[in-house]
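Topology and contacts: notes
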Amino acid sequence: MGEFSPVAGKPLDLSDDLQLVLAPNPSPMTYLGTNTYILGRQTLAIIDPGPDDPAHLAALEAAIAGRPVSHILLTHSHLDHSPLAATLREKLGAPTYAFGDSRAGRSAVMQQLAAEGLAGGGEGIDRAFSPDRTLKDGEMLSSAWGDITALHTPGHIGNHLCFVWNDAIFTGDHVMGWASSLVSPPDGDLSDFMSSCAKLQSHDARVYYPGHGAPVTQPAARLAWLIAHRKMREAQILATLANTPATPAMITSAIYENLTAGLATAAERNVFAHLVDLYKRGKVSAAPQLATGAIFTLRA
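Overview of the structure. In this text the structure is predicted, and so the values were computed from the model without any measurement.

Thoughts on the pairing of strand β8 (residues 140-143)
Here 4 bridges tie β8 to strand β9 (residues 146-152), and the two strands are oriented antiparallel to one another. Within the sheet, the bridge partner assigned to S142 lies in β9 and is D147. Between β8 and β9, which follow one another and run antiparallel, lie 2 residues.

Regarding the nonpolar core
Ranked by size, the top nonpolar core spans 23 residues in total, and within it L18, Y37, I148, F163, F170 and Y209 carry the most contacts. Secondary structure elements with two or more residues in this core: β2 (18-22), β3 (35-39), β4 (44-47), β9, β10 (161-165), β11 (168-172) and β12 (207-210). In contact with Y209, other than residues within four places in its own chain, are L14, L18, Y37, A168, I169, F170, T171, G172 and P215. Core analysis: the second largest hydrophobic core is formed by 20 residues, L113, I251, A267 and L278 among them.

Quick word on the packing of aromatic side chains
The final tally for this structure, using the stated rule, is 6 aromatic pairs. For the pair Y31 and W178, a centre-to-centre distance of 4.7 Å together with 5° between the ring planes defines the contact as stacked. Taken together, the residues span a long stretch of sequence, with Y31 in the loop between β2 and β3 and W178 in the loop between β11 and α4 (190-201) at a distance of 147 residues. Under the relative-accessibility criterion, W178 is labelled partly exposed at 30%. Taken together, a centroid distance of 5.4 Å and an interplanar angle of 35° make the contact between F170 and Y209 tilted. Linking F170 in strand β11 with Y209 in strand β12, this pair joins segments that are 39 residues apart in sequence. In this pair, the class of F170 matches that of Y209, namely buried. The rings of Y37, W165, F170 and Y209 are connected pair by pair, giving a single aromatic cluster. The ring of F193 has R230 sitting right over it, with the charged end atom 5.3 Å from the ring centre. Over the ring of Y256 we find R233; its NZ or CZ atom is 4.0 Å from the centre of that ring.

Remarks on the packing of helix α1 (residues 54-64) against helix α2 (residues 84-92)
Between α1 and α2, the shortest axis-to-axis distance is 11 Å and the interhelical angle comes to 40°. One way to sum up the angle between α1 and α2 is to call them oblique. Considering how the two elements wind past one another, α1 and α2 form a crossing that is right-handed. Of α2, the residues touching α1 (which contributes H56, L57, L60, E61 and I64) are L84, T87, L88, K91 and L92.

Digging into α1
Within the span of α1, buried status applies to H56, L57, A59, L60, A63 and I64. Each buried residue of α1 lies within a common arc of 165° when the element is viewed along its axis, so the set occupies one face. In α1, the exposed positions angled more than 90 degrees off the buried face are occupied by P54 and A62. The inward-facing, buried residues of α1 contact β2, β3, β4, β5 (69-73) and α2. The backbone nitrogen of A55 lies 2.9 Å from a side-chain oxygen of the residue at the head of α1, namely D53. Looking one or two places after α1, you find A65, whose phi comes out positive at around 55°.

A closer look at the side chain of N25
Its location among the elements puts N25 in the loop between β2 and β3. A distance of 2.9 Å separates a polar atom in the side chain of N25 from the backbone nitrogen of T34. What N25 contacts, discounting residues up to four positions off in sequence, is T30, G33, T34, P51 and D80.

Notes on unusual backbone geometry
Cis rather than trans, the peptide bond between P185 and P186 has omega equal to 5°. The omega torsion of the bond from A287 to P288 falls at 0°, within 30 degrees of zero and hence cis. In this structure, P288 sits in the loop between β13 (284-287) and β14 (295-298). In this model, D48 sits at a positive phi of 60°, which is unusual for a non-glycine residue. Tracing the sequence through the fold places D48 in the loop between β4 and α1.

Criteria and thresholds
- Residues numbered from 1 in each chain as written.
- Predicted model: local features only at pLDDT ≥ 70, side-chain atom pairs only at ≥ 80, totals over all residues.
- Heavy atoms only, no water.
- Pairing = 2+ DSSP bridges.
- Helix = DSSP H or I, 4+ residues; strand = E, 2+ residues; numbered from the N terminus.
- Core = buried A, V, L, I, M, F, W, Y, C linked by side-chain atoms within 4.5 Å.
- Buried < 20%, exposed > 50% of the residue type's maximum accessible area, 1.4 Å probe, protein only.
- Contact = heavy atoms within 4.5 Å.
- Phe/Tyr/Trp six-rings, centres within 6.5 Å; stacked < 30°, edge-to-face > 60°.
- Lys NZ or Arg CZ within 6 Å of the ring centre and 35° of its normal.
- Axes fitted to C-alpha atoms, helices over the stretch in contact; angles between N-to-C directions.
- Parallel < 35°, antiparallel > 145°, perpendicular 65-115°, else oblique.
- Left-handed = near helix turned anticlockwise from the far one by under 90°.
- Arc of directions from axis to C-beta.
- Polar contact = N/O pair within 3.5 Å; in protein donor to acceptor, adjacent residues only side chain to side chain.

If you want it as structure tokens, here you go:
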């Protein structure tokens, strides 16, 4: 394809039966904007309708061009991916498919943190989202556009799915080429993220189509980088705590350099995600309790 430089609202052909329509929502969290995928030729599937934006809706309707849509698939329910699904469903008559609502797939620890009042960060949660039909891990959907298998890949958020289609995987926000995935408790869970990376490693793919940015043309290498990156962050956190107990904010200041204001909060949430994972594994303790303002201590 050459340089990846889609224009918002203008369909970009990725193959004979796959188009990308970029939403006009660029930001530090969404890069160029959200990638909405249109799969098929005669009968279509839509993957990640995107934000509730009239211009994006008009662009999708123009690209669909009156063809029937059989499925609207959601990788997850962040505000940059799922809100337009309800409008498209009404206009097209196609059901929405996802793992579940925005609370689905949370681990017990994340449920507890949410009950104690911790709210997520990042792109924002689409709390109104509820799919017409839920998909189980490994469930297959079939239509004129072929077969798609849903993989439950929690980590970025508990209800995150990837979709396997032929030798490609639509990876949502779990694997992207332009940045590592944000993991922000209580919706993001680093323990789950690492398990989901291992799950994806068991699926041989030619290309990943992410929720933001260019297709990932070396999937195995990118997955290996993501895993190594997380292990590097963990080592940095443990090294910091080896010197002195610290809060997530203190650790973030110690291990990140030249953070912009827009990314500082996300970086601190990523650090907290690592600390929750380390806490669950018995590597650190938290006082007075597990929380973003807790003082974490390395356990002997």
